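# Report on the structure
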Amino acid sequence: MAQKILQPGEIGQHEPFPAVVLPTDPQQFANRARRFEHLARSHAMAPLLAAMAHIAHAQHAALGAQAPAAIADEPLARSREHGMPALSYQDERDPAWLTDLDHILASLLACPEPVLQDAARRLQAIAADGREAIADAVFGGGIAGNDPEAHAILSPLVGAALQVWWTRQAGSMKLDDIGMVGSSTVCPCCGSRPVASVIEIGPQQQSLRYLHCSLCSTQWHMVRVTCSACESTKQVAYYSLNGADAEQPSQKIAFARAESCDDCHSYLKIFQREKEPMMDVTADDLATLMLDMLVDEAGYLRSGPNLLFSPGVPDEPDNG
Ligand SMILES: [Zn+2]
Ligand SMILES: [Zn+2]
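First things first, this report covers the structure right here in the doc. (Residues numbered from 1 in each chain as written. Chains lettered and ligands numbered in written order. Predicted model: local features only at pLDDT ≥ 70, side-chain atom pairs only at ≥ 80, totals over all residues.)

On to the overall build of the protein, then. When helices and strands are tallied, the protein shows nine helices and nine strands. Buried positions account for 41% of the 320 residues belonging to the protein. Residue pairs in contact within the protein that sit at least 24 positions apart in sequence constitute 68% of those at least 6 positions apart. (Helix = DSSP H or I, 4+ residues; strand = E, 2+ residues; numbered from the N terminus. Buried ≥ 20, exposed ≤ 12 C-beta atoms within 10 Å, placed from the backbone. Contact = placed C-beta atoms within 7 Å.)

Right, dumping it as structure tokens:
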């Protein structure tokens, strides 16, 4: 299918398109679970992806188990008037996210995966302040406590619960409450970095690129061939597992690419939904860890997290 590739400056010629897409689909985590299950069928990382499917099923059950909390007028006014995220992850957390965590842990205790049952049991034994400390580490980088292995096992479950709480809250917002000024490198609802971006399909979004929030699942538009971390358009390049890949309509574009930037030395993945219409950005991001390894080796630092995966903490130089 021929596609029109929009370039910066050309955007005004496009039909009206949504600048922001809120995460209102009640099936979004169930769809993610199905995608993880599909990806696990023939994949070198099948056990990890199958475990992730259980976590996504638990997220789906938790999402429907609570109603969204009312959002106060003041942050909504700041959002409308100044474009400040109404659900900023840097604000004090509503302890209701711990209820989502409890739901997820209860589901995982009943799932058939011993590793997840064990992780759920360990988290159940940790009091609220310890769980909040893990959440702080999920947002701030680093690890909670002094056991990196324990943190690597427990933090994805905490990340999953935080995603559920923030996704439910973002899904309860109205587009009129989001006062986006121009484009943004962080989520207009919660201020988090995107997990990846997707070149979309569909009548209103055809060929447009949307960044997907790693925390609240909101999507927001950003023109293509633009660094999603620093908005530079000068030194953006594309990597795929099939080799370097230019943004040219005449060339065959891989489903998953890494968009790298030589101005800020970061990268983030970009997916072509047309090639995998059933894709899920969080699931497909994890299923393409090989691409991260390739781009890491080329010297670029990933600019946004996947909260279901703890990449580990680099060794101190002194540790040899
Ligand atoms: Zn967000
Ligand atoms: Zn950049």
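Next comes the rest of the account.
Residues in a regular strand project their side chains so that they alternate between the two faces of the sheet. Here strand E3 (residues 209–213) lies mainly inside the structure; five of its five residues are buried. Residues Arg-209, Leu-211 and Cys-213 line one face of E3 and the alternating positions Tyr-210 and His-212 line the opposite face, and both faces are buried. Relative to E3, strand E2 (residues 194–199) runs antiparallel, the two sharing five bridges. Counterpart to Ile-199 in the pairing with E3 is Arg-209. Two strands pair when backbone bridges link them, and E3 and strand E4 (residues 219–221) are joined in this way by three bridges, in the antiparallel orientation. Opposite His-212, over in E4, you have Gln-219 as the bridge partner. Taking the residues that link successive antiparallel strands as the turn, the E3-E4 hairpin has five residues, and the phi of Ser-217 there is positive, at about 70 degrees. (Pairing = 2+ DSSP bridges.)

We now examine the pairing of strand E7 (residues 256–261). In terms of burial, E7 is largely enclosed, as six of its six residues are buried. Taking every second residue as pointing to the same face, both faces of E7 are buried, with Ala-256, Ala-258 and Ser-260 on one and Arg-257, Glu-259 and Cys-261 on the other. Here strand E5 (residues 236–240) pairs with E7 via four bridges, running antiparallel. When the sheet's bridge partners are listed, Val-236 is paired in E7 with Cys-261. As paired elements, E7 and strand E8 (residues 266–272) share six bridges and run antiparallel to each other.

In an α-helix, one turn spans 3.6 residues, which is why side chains three or four residues apart end up on the same side. Between its terminal C-alpha atoms helix H4 (residues 96–109) stretches 20 Å, which fits the 20 Å expected from 14 residues at 1.5 Å a residue. Taken together, the buried positions of H4 are occupied by Trp-97, Asp-100, Leu-101, His-103, Ile-104, Leu-105, Ser-107 and Leu-108. (Expected span 1.5 Å × (residues − 1).)

As a further point, take the nonpolar core. Membership of the largest hydrophobic core comes to 79 residues, with the highest contact counts inside it found for Met-52, Leu-157, Ala-161, Leu-162, Cys-189 and Cys-190. With 10 residues, helix H7 (residues 148–171) is the largest single contributor of residues to this core. Looking at which domains feed residues into this core, each of domain 1 (26–171) and domain 2 (177–302) gives three or more. Once residues lying within four places of it in the same chain are set aside, the contact partners of Cys-189 are Pro-85, Ala-86, Leu-87, Ala-170, Met-173, Ile-178, Cys-213, Cys-216 and Thr-218. (Core = buried A, V, L, I, M, F, W, Y, C linked by C-beta atoms within 7 Å. Domains from an automatic or database assignment.)

Packing of H4 against helix H5 (residues 114–124) leaves a shortest axis separation of 8 Å and a crossing angle of 140 degrees. Classed by the angle they form, the pair H4 and H5 counts as oblique. The hand of the H4/H5 crossing is left-handed. Counted together, Leu-105, Leu-108 and Leu-109 of H4 and Leu-116, Gln-117, Ala-120, Arg-121, Leu-123 and Gln-124 of H5 form the full contact between these two elements. Of the residues belonging to the contact of H4 with H5, the class tally is six nonpolar, two polar and one charged. (Axes fitted to C-alpha atoms, helices over the stretch in contact; angles between N-to-C directions. Parallel < 35°, antiparallel > 145°, perpendicular 65-115°, else oblique. Left-handed = near helix turned anticlockwise from the far one by under 90°. Nonpolar A, V, L, I, M, F, W, Y, C, P; charged D, E, K, R; others polar.)

Okay, helix H2 (residues 46–63) next. The terminal C-alpha atoms of H2 lie 25 Å apart, and with 18 residues this matches the ideal 26 Å at 1.5 Å per residue to within 8%. In terms of burial, H2 is a largely internal element, 13 of the 18 residues being buried.

Turning next to unusual backbone geometry. Even without being a glycine, Ser-207 presents a positive backbone phi close to 70 degrees. Inspection of the secondary structure assignment puts Ser-207 in the loop between E2 and E3. On the basis of neighbour count, Ser-207 is assigned to the partly exposed category, with 18 C-beta atoms found within 10 Å. Even without glycine at this site, Glu-231 takes up a positive phi of about 65 degrees. Locating Glu-231 in the fold gives a position in the loop between E4 and E5. Residue class for Glu-231 comes out partly exposed when judged on the 17 C-beta atoms lying within 10 Å of it.

H4 packs onto H2 with a crossing angle of 130 degrees between their chain directions and a minimal axis gap of 8 Å. It follows from the interaxial angle that H2 and H4 lie oblique. Crossing handedness for the pair H2 and H4: right-handed. Residues His-54, His-57, Ala-58, Gln-59, Ala-61 and Ala-62 of H2 form the contact with H4, whose own contacting residues are Asp-100, His-103, Ile-104, Ser-107 and Leu-108. Taken together, the residues that form the contact of H2 with H4 break down as five nonpolar, five polar and one charged.

What follows is about the environment of Asp-100. Here Asp-100 lies in helix H4. For Asp-100, a count of 25 C-beta atoms within 10 Å corresponds to the buried category. When the C-alpha positions of Asp-100 and Ala-58 are compared, they lie 9.5 Å apart, and in sequence the two are 42 residues distant. If near-sequence neighbours (up to four positions away) are discounted, Asp-100 is found in contact with Ala-62, Gln-66, Ala-161, Val-164 and Trp-165.

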